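What the coordinates show
One letter stands for each residue in the lines below.
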Amino acid sequence: MADEGLILAARLAEAERMRMPLTDLLAHADRLSRNAASYMAAAVQDARTAGTGWAAVAQAAGVSVETARAKWNEQKVKRLLARRDRHWPAALRQAELPRGAPEASAQEQPLPGRTGAMEARLQLAAALTNLQRKNAVTLQEAAQQADLSPSYVSRVLAGSRLPTWPVVYMLATIFSGNAGDLKSLWERAHGACPPRRHSVAGAAARLQSALRGLYLAAGEPDLPALVVGGGPSLTAEAVQEVLDGDLIPDWWTVEALVVRMGGDAAFIRPLWEDLHYVFLASRDVFPEGGMPRSGLPGTEPDAGAGGPAL
């Protein structure tokens, strides 16, 4: 919670620098305030579990013993933290800076201001934050291992600073994630065009990594809820196979999945078209509904990990 407080504070500071409307500024401040209240409740609970008496809690908080008991009794704290656990991933996503936020001056704006680049930057930050929370690595630990300042790491996770690829790679590795899944988001955030691949297997791997990156950025939502109303080809089983690297979906499935994960289908489309082109060059027709990755040309056991060059 303390780490997330740094992230929320950085997003509030960025919103102020971008001169966002008062409604948005107060919403950022409210999320920061609620996180601080949850932290205080959890800190008191930890202290009580360790044997701290109510008199010591009251003295530390500057309140009466009766007020401390009423404010932080065990049942009330448990309900507060359970409610926070249910709603917090969505609250963190709501704290991201919106696409249409006013741009700061050239001196204040450290990052590209284009909508697509900003969207990808925030998704990259969300994916890294999700990995950090899932693997319980503190900002201080990450900063120490990466030889970076904690404030810089907090800005990266808040989306207010766009890191270099080595920094993304280091942080993803420290958070026990696959840095390759974030490469497409990082490239888009920098406005770079992804390099063309020369094998079917390579193009398929790049598409699947991009989809896994979007899934991380979306907070790894529950698959059944993600696919509701998405059409007959968008099932929880199919999405799991895509994320596991076992299924290459057709474009209509990719598009529906990307939109439901909050991504930009127009950005993912070139990756799928690259795959489709090299697949067609192998004189095959891409099947409707997708196909198992094991069926791609050049993925036979004796073809090597990367597949043959075309």
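Residues numbered from 1 in each chain as written. Predicted model: local features only at pLDDT ≥ 70, side-chain atom pairs only at ≥ 80, totals over all residues. Heavy atoms only, no water.

**Quick word on the overall build of the chain**
The number of helices and strands found in the chain is 15 helices and two strands. Counting over 310 residues, the chain shows a buried share of 45%. When the accessible area of the chain is evaluated, it comes to approximately 15300 Å², of which 55% is carbon and sulfur surface. (Helix = DSSP H or I, 4+ residues; strand = E, 2+ residues; numbered from the N terminus. Buried < 20%, exposed > 50% of the residue type's maximum accessible area, 1.4 Å probe, protein only. Areas by Shrake-Rupley, 256 points an atom, 1.4 Å probe, with all protein chains shown as cover.)

**Focus: the pattern of salt bridges**
Any two side chains of opposite charge can pair, on the condition that their charged atoms come close. Applying the stated criterion across every chain, the model contains seven salt bridges. Residues D30 and R34 are paired through a salt bridge, measuring 2.9 Å at the closest nitrogen-oxygen approach. Taken together, the residues D30 and R34, both in helix α2 (residues 22-49) and four residues apart, mark about one turn of the helix. We classify D30 as partly exposed; its relative accessible area is 38%. Across the salt bridge formed by E220 and K134, the nearest N and O atoms sit 3.0 Å from each other. With E220 in the loop between α11 (200-217) and α12 (223-227) and K134 in helix α6 (residues 115-134), the pair connects residues that are 86 residues apart, well separated along the chain. With relative accessibility at 49%, the residue K134 sits in the partly exposed group. (Salt bridge = Lys/Arg side-chain N within 4 Å of Asp/Glu carboxyl O.)

**Examining the environment of L81**
With respect to the helices, strands and loops of the structure, L81 is situated in helix α5 (residues 74-94). With 39 residues separating them in the primary sequence, L81 and A42 have C-alpha atoms 7.6 Å apart. Ignoring any residue separated from it by four or fewer positions in sequence, one finds L81 in contact with M1, S38, A42 and Q45. (Contact = heavy atoms within 4.5 Å.)

**Considering the confidence of the model for the chain**
Across the chain, the average pLDDT comes to 78, with 77% of residues at or above 70. Considering each helix and strand of the chain separately, the mean pLDDT is smallest for strand β2 (residues 291-292), with a value of 70, and largest for helix α3 (residues 54-61), with 93. Low pLDDT (under 50) marks residues 99-114, which in the prediction has 32 contacts with non-local residues, meaning those over four places away or in another chain. (pLDDT = per-residue confidence, 0-100.)

**Things to note about unusual backbone geometry**
A positive phi angle, near 65°, is found at S176, a position not held by glycine. Structurally, S176 can be placed in the loop between α9 (165-174) and α10 (183-189). In this structure, E220 takes a positive phi of about 50° despite not being glycine.

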